[in-house]
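Spelled out from the first residue to the last, the chains are:
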Amino acid sequence: MSALRDIVSQGAQMSLVLGLAPLLTGFVRKVKARLLRRRGPPLLQPYRDLIRLMRKDVVLADNASWLFRVIPYLMFAGTWVAASLVPTFGNGLLFSWTADLIAIIALLGSARFFQALAGMDVGTAFGGIGSSREVMIASLAEPAMLITVFSVAMIAGSTQLAYVAEFMGSDAVGLRVSLGMAFVALTIVALAENARIPVDNPATHLELTMVHEAMVLEYSGRHLALVDLSSQLKLLLYVSLIACVFLPWGTATADASVAKLVSGALLYFGKLTVLGFLLAVFETSIAKMRVFRIPEFLGAALMLALLATLLRFVSGSL
Amino acid sequence: MIAVALWSVAALLALAPAGIVLSTRPRGSIILYGGCLLATSTLCVTALSDLLYAPHLTQSATLPIGLPWLGAHFRLDALSAFFLVVVNLGGVAASLFALGYGRHEDSPGRVLPFYPAYLAAMNVVVLASDAFSFLVAWEFMSLTSWALVVSHHRAAENVRAGYVYLLMASFGTLTLLLAFGLLASGAGYDFDAIRASHPSAALAGMVVILVLLGAGSKAGLVPLHAWLPLAHPAAPSHVSGLMSGVMTKVAVYGFVRIVFDLLPEPVWWWSMVVLLVGGPTATLGVLYALMQRDIKRVLAYSTIENIGIIFTGLGLALAFKAEGLDWVAALAFTAAMLHVFNHALFKSLLFFGAGAVLGATGERDMEKLGGLIHRMPTTAVAVLVGCVAISALPPFNGFVSEWLTFQAILLSPHLSSWGLKLVIPAVGGLLALAAAFAAACFVKLYGISFLGRPRSDVAAAAHETDRFSLTAMLMLAAFCLVAGILPGLFIDALAPVSRTMVGNVMPHQVGVQWLTVVPIAESRSSYNGLLVFVFAALCGTAAASAIHRFASDRLRRAPAWDCGYPDPNPTIQYSASSFSQPIRRVFGSVVFAAREIGEMPPPSSPLPARLQVELRDLIWDGLYAPVAIVIDFATDRINILQFLSIRRYLTLVFVALIVLLLVVAL
């Protein structure tokens, strides 16, 4: 009976993240538009876009290889598996012990690895520029993320997200300087990894600024839909990750009652709304950076994360 | 079982002179590589059965060769057995690959005799149990591989590579000789006797430094790596695979054997030295790799990175062992050994892939390749697996060993030494950087050479390689996947090695639910490669089937869109150098003193614009060049002695005699 329950709640979590991801993107876009005094597209526009793309034929470049056609599925699978390992409304889900935070980063790394390959497959200059910049950003963002995870894991004594979330929700945490630094570092990494302003602007097609868009320029139809869905899932993943590590209140435990689960889900919606709103405010109040300013921005994250880890070594309580 | 192993080695040694005869026969290479395949598979199976079924049995044998009063001692324990598996698995794959690849050799007489001798030498190093046999086999290994490096001796760069290699190999052997000299001073040459003696802490520390120099120069630790990117690419590709994938592991074996086995309990500062060398080696190696455009050089530099990861694991194991935390030491040591195994798999695979590309196109320069995925589909799949595995991405094997290393790093707050507490997080940061760079590096390698449009006629006319080579590559690729999704089996097989070396083992993994890897406790961390793999495969297939059922599955071919301005010229694509340009701009100015000189002629001038990039190997300039200058200077001065008149010679001899007499008298 409990096995069935576990499967149901894990399935619910997976379909929830999949279903919510476009909504979060739509919400951020809407808030950004309102802040700029535009009306903006409707909240459900990302769903419509996905459905429209799904219905269209794929126009494939002549010399695209089989890898180009497989990559959208690989990216989607990698991102979805990673997203299903992050606790959302409930904690201690069935598959939570399958992989820890380091593995989640590596899964996202696999998705990015293939995405960068896709950019180079057709053999155009745009794809190359996107892939080349993407790996430059990733080569700074990924270590920053890993070291942030080190600092959080050393505080919580575990790299297992379920236990980290449980620990962060308990009274044992208190206010710590190192956690604050880790939070800032994680936020910077999340902005970079999700191709948000100030690192990248997915809304433009201007060759000087774009990274993510340049890589997926040759995709169309269902392939593009999957790529878009993967990046929406990734945004949701990062927002849920920040929510689950730094705002762990209200997450239901594994054996909680249905009422608890529902309240956990409601609180999770609340957290997504708040964080999505903050993201939109941040993005409208800052300008896109030049490509070669990005290393400084991400270097700050790297330093903060390293400082947080060292602080943890020097003092057990900070 | 040691008898079987020694007989197989003898068979390999017998094949070496046979190679001289066989090289003149049309089917000679097939017979020779077939023989090597047989001998190495026998050795591999023997060692594997020893490791799995009789891990605590130590077998030894003494042969009446070598030094007259000593004989040659051989010993097969868990550590030797494990490294025999690594060496001979690499040997099996390389021989299988060479069955096809070796047929195209222009001058088989320069390769065939040395190849089996080289394999035999590596096996003897791992089996040797006295300092004399060990050093002789070590030197034999260096010399045979040197002969293979200069087998294509008409290219000037290969001759230079051989020269630098010979110098560094001599240096390495010299330091090992000194290390054994120090160890043997109180005990004798036999490893058992050395193990039983108790050298003083200062002596042991000196031995550690010397072994780090000796084994480290063979393995390619920065700053002793300078020869490796020259020598590994110069050899024929199956030998490159062996040199990079396997011989560097024999060097790791030498380090582990002496530091973990022959020396007494470690002191904390040993680990500090190893960590301070290992961490930077990992990051620098891969940064160098990123800057290269020659496929085999990229792979050679990436070997340096992986050696850095292995030595970091070993350094962590030393640190924890020094503080008595055996259970963490076992974790770090197992991580290092697993990475030894993994790297042997994927580096051999990638070198074979580079060999297949070289055979099909005659090119090692990535900027003349492209689009090979269409021409060499099976090679492309195998190399893709190798690239994903070496970039430490799940569900392949490279990820597991790096993950275990990270888990060991996360336990470092348990240490009491402040120096280590500060160094280990920094080393962890360096490893994280190296992992990210490795992914970038292999996106570049694969993307530039296998994807896109062909950049030259040879790339456009490439053809798939032969069946033997493909079998070898696919076998290694399959191992990479199996070791990635069932890591528990491999960790358990390593338990006897870790018990004999650090005195403790990681928790037993087989039997944990669903084959999850749990290094310490489930509340701390766990990883299940099998479930991740199955789960991802299910998600991917679900997405594919849903789309093909409910959405449009039609597909049209058309010219690339490229923002509306497609250019048919393939040189418009990103090249290897342009791909790494952003990273070069971020890190290059510090690490390589990189300079970009752009020449832009005025608007009306017909001259082409030029961009010149200068990269310098600061370690070469700072360490090797001054040594070379000093030696040049000194030899010039001493050279005067060669042209003295007979009277001056007599005076010189007289003065020397007086000086010597004075020295003796005082």
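Here the structure is a predicted model, which is why all the values come from computation and not from measurement.

Calculation criteria
Residues numbered from 1 in each chain as written. Chains lettered and ligands numbered in written order. Predicted model: local features only at pLDDT ≥ 70, side-chain atom pairs only at ≥ 80, totals over all residues. Heavy atoms only, no water. Helix = DSSP H or I, 4+ residues; strand = E, 2+ residues; numbered from the N terminus. Rg over C-alpha atoms; globule rule 2.2 N^0.38 Å. Buried < 20%, exposed > 50% of the residue type's maximum accessible area, 1.4 Å probe, protein only. Areas by Shrake-Rupley, 256 points an atom, 1.4 Å probe, with all protein chains shown as cover. Lys, Arg positive; Asp, Glu negative; His and termini not counted. Charge placed at Lys NZ, Arg CZ, Asp CG, Glu CD. Axes fitted to C-alpha atoms, helices over the stretch in contact; angles between N-to-C directions. Parallel < 35°, antiparallel > 145°, perpendicular 65-115°, else oblique. Left-handed = near helix turned anticlockwise from the far one by under 90°. Contact = heavy atoms within 4.5 Å. Nonpolar A, V, L, I, M, F, W, Y, C, P; charged D, E, K, R; others polar. Phe/Tyr/Trp six-rings, centres within 6.5 Å; stacked < 30°, edge-to-face > 60°. Lys NZ or Arg CZ within 6 Å of the ring centre and 35° of its normal. Expected span 1.5 Å × (residues − 1). Buried area = accessible area lost by both parts, 1.4 Å probe. Salt bridge = Lys/Arg side-chain N within 4 Å of Asp/Glu carboxyl O. UniProt positions renumbered as here; feature names shortened; annotations may be inferred.

S.K.: How should I be thinking about the overall build of chain B in this particular structure?
M.R.: From N to C terminus, chain B includes 26 helices and five strands. Against the compact-globule benchmark of 26 Å for 666 residues, chain B has a radius of gyration of 26 Å, which places it among compact chains. Across its three principal directions, the C-alpha atoms of chain B cover 95 × 70 × 60 Å. Scored against the burial criterion, the 666 residues of chain B give a buried share of 60%.

S.K.: I keep staring at the overall build of chain A and nothing clicks. Help me out?
M.R.: What chain A contains, in helices and strands, is 11 helices and one strand. Secondary structure elements of chain A, listed N to C terminal, follow the sequence α-α-β-α-α-α-α-α-α-α-α-α. Relative to the 2.2 N^0.38 estimate, which gives 20 Å for 318 residues, the radius of gyration of chain A is 19 Å and therefore close to what a compact globule would have. With the C-alpha coordinates of chain A rotated into their principal frame, the extents come out at 55 × 45 × 45 Å. Here chain A has roughly 11400 Å² of accessible surface; of this, 68% comes from carbon and sulfur atoms. Positive and negative charge centroids in chain A, built from 25 and 19 side chains respectively, lie 9 Å apart.

S.K.: What is the right way to read the packing of helix H10 (residues 237-262) of chain B against helix H13 (residues 326-361) of chain B from this model?
M.R.: Between two packed helices, both the angle of their axes relative to each other and the distance between the axes serve to describe the pair. Residue and element names in this part refer to chain B. At a minimum axis distance of 6 Å, the contact between H10 and H13 shows a crossing angle of 165°. When the axis of H10 is compared with that of H13, the two are roughly antiparallel. Our pair here, H10 against H13, has a crossing hand that is right-handed. Of the residues in H13, those touching H10 at Ser237, His238, Ser240, Gly241, Ser244, Gly245, Lys249, Val252, Val256 and Phe260 are Phe333, Met337, Val340, His343, Ala344, Lys347, Ser348, Phe351, Phe352, Gly355 and Leu358. Grouping the amino acids of the contact of H10 with H13 by side-chain chemistry returns 10 nonpolar, nine polar and two charged.

S.K.: What is the right way to look at the packing of aromatic side chains in this model?
M.R.: Each aromatic ring pair is characterised by the separation of its centres together with the angle its planes make. Residues and elements named next belong to chain B. Counted under the stated rule, the structure contains 27 aromatic pairs over all chains. Summarising the aromatic geometry, the rings of Phe82 and Phe83 are spaced 5.2 Å apart at their centres and angled 75° between planes, so their arrangement reads as edge-to-face. Residue classification places Phe82 among the buried residues on the basis of a relative accessible area of 4%. Residues Phe134 and Phe180 carry aromatic rings whose centres are separated by 5.4 Å and whose planes lie at 65° to one another, so their mutual orientation is edge-to-face. Separated by 46 residues along the polypeptide, Phe134 in helix H5 (residues 131-149) and Phe180 in helix H6 (residues 156-184) bring together distant segments of the chain. Residue classification places Phe134 among the buried positions, given a relative accessible area of 0%. Grouped by ring-pair contacts, the aromatic residues Phe134, Trp138, Phe180 and Phe191 constitute a single cluster. Positioned over the ring face of Trp227 is Lys218, at 6.0 Å from the centre of the ring. Cation over ring: Arg637 sits above Phe633, and NZ or CZ is 4.5 Å from the ring centre.

S.K.: Would you mind showing me how to read helix H8 (residues 201-219) of chain B here?
M.R.: Three- or four-residue spacings in an α-helix give side chains the same orientation, since the helix completes a turn every 3.6 residues. Taking 1.5 Å as the rise per residue, H8 of chain B with 19 residues should run 27 Å; its terminal C-alpha atoms sit 26 Å apart, in good agreement. At the exit of H8 of chain B stands Gly220 of chain B, carrying a positive phi of roughly 100°.

S.K.: When you look at the interface of chain A and chain B in this model, what are you seeing that I'm missing?
M.R.: Accessible area lost during the coming together of the parts is what is often quoted as the interface size. Between chain A and chain B, the residue contacts involve 76 residues of the former and 81 residues of the latter. When residues of chain A are sorted by the area they lose upon contact with chain B, Trp97, Phe113 and Phe313 of chain A head the list and together hold 11% of the total. Inspection of the region where chain A meets chain B yields two salt bridges. With a closest N to O distance of 4.0 Å, Asp57 of chain A and Arg556 of chain B form a salt bridge.

S.K.: I'm lost on the UniProt feature "transmembrane region" (unreviewed entry) in chain A in this one. Help?
M.R.: All names here are of chain A. In the numbering used here, UniProt assigns the feature "transmembrane region" (unreviewed entry) to residues 12-29, 66-86, 92-114, 135-161, 173-192, 235-252, 258-282 and 294-314. Summarising residues 135-161: 85% helix, 0% strand, and an end-to-end C-alpha distance of 26 Å. Taken end to end, residues 173-192 is 80% helix and 0% strand, and its two terminal C-alpha atoms sit 28 Å from one another.

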